[in-house]
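Given next are the chains, with one letter for each unit.
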Amino acid sequence: MAALVQHDVCWEVYDNYQKQTYRNRCYICTDSGKHLLSIPIKHVGGQNGRQRYAEVKVDNSYQWQRQHWRTLETAYRTSPFFEYYEDDLAPLFHEKVECLIDLNLRTIAFLTECLQVSLPGNKTTSYQTDPKPYTDARFLIRAKKEVPLQQEPYVQVFGDRHGFVKNASALDLLFNEGPNALSYLKALKTSFSNG
């Protein structure tokens, strides 16, 4: 979200879907510490075992939305701003969605609306190995390679138990900092030289 707030963004929709990326997962902070929320997807693949990100379907045979919503409520009910945002966030966990990209863009639209920034509308029209004129930040989706962010700690609900949990979902920042989340994201030092 810091990259989105600080830079012009063009959504990559023509690359191949990669497993274990932030496209279908995020981390939140619970009473047990850092907790993974993962959206189940249908692995269909093609002849090469690949599928385009824009074609990835969410596996709704499991009630993952219900489970995720309950986990968020349990983790953030006592945060300063959860109640302020929950009515606008709830539809993401109550309305079925078929494609992962649609869910991701709806989630990002929710976050940009809360942060009062414009939602970038540009999408790729083909896959480019060198996406000029944009800075290539596609590496940010990799969940296994932690992005070296120098995050200033903010107060988290369970910070007294676990200390500051960095690289949590933007929801964690929003529920704990509310309107101050935008200033926080603007102040983060983003560097794309480590991609």
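Heads up: the structure comes first, above all this text.
In short, a report on the structure. (Residues numbered from 1 in each chain as written. Predicted model: local features only at pLDDT ≥ 70, side-chain atom pairs only at ≥ 80, totals over all residues. Heavy atoms only, no water.)

**Here we look at helix H5 (residues 100–115)**
Basically, it comes down to this: Helix numbers and strand numbers start at the N terminus; a helix is a DSSP run of H or I with at least 4 residues, a strand a run of E with at least 2. What a helix is expected to span follows from its residue count: subtract one and scale by 1.5 Å.
Counted at 1.5 Å a residue, the expected span for H5 with its 16 residues is 22 Å, and the 22 Å between its end C-alpha atoms agrees. Immediately downstream of H5, the backbone of Gln-116 shows phi near 60°, a positive value.

**A look at the packing of aromatic side chains**
Quick note on the threshold: Note on aromatic contacts: the rings of Phe and Tyr and the six-membered ring of Trp form a pair at centre separations within 6.5 Å, being stacked when their planes are under 30 degrees apart, edge-to-face when over 60 apart, and tilted otherwise. Exposure is judged per residue with a 1.4 Å probe applied to protein chains only, and the accessible area is read against the type maximum: over 50% gives exposed, under 20% gives buried, and values in between give partly exposed. Look at NZ for Lys and CZ for Arg. If either is within 6 Å of the ring centre and within 35 degrees of the ring normal, a charge sits over the ring.
As enumerated under the stated definition, the model contains seven aromatic pairs in all. Ring geometry for Trp-69 and Phe-82: centres 5.9 Å apart, planes at 35°, overall tilted. You can see Trp-69 sitting in helix H2 (residues 64–76) and its partner Phe-82 sitting in helix H3 (residues 82–89), a full 13 residues away along the chain. There is no split in this pair, since Trp-69 and Phe-82 are both buried. Ring centres 5.2 Å apart and planes at 85° place the aromatic pair Tyr-154 and Tyr-184 in the edge-to-face group. Taken together, the residues span a long stretch of sequence, with Tyr-154 in the loop between H5 and helix H6 (159–162) and Tyr-184 in helix H8 (residues 181–187) at a distance of 30 residues. Like Tyr-154, the residue Tyr-184 is buried in the burial classification. Ring pairs connect the aromatic residues Trp-69, Tyr-76, Phe-82, Phe-93 and Phe-175, which therefore count as one cluster. Sitting above the plane of the Tyr-53 ring, Arg-23 keeps its charged end 3.8 Å from the centroid.

Remember, this is a structural readout, not a statement about activity or role.
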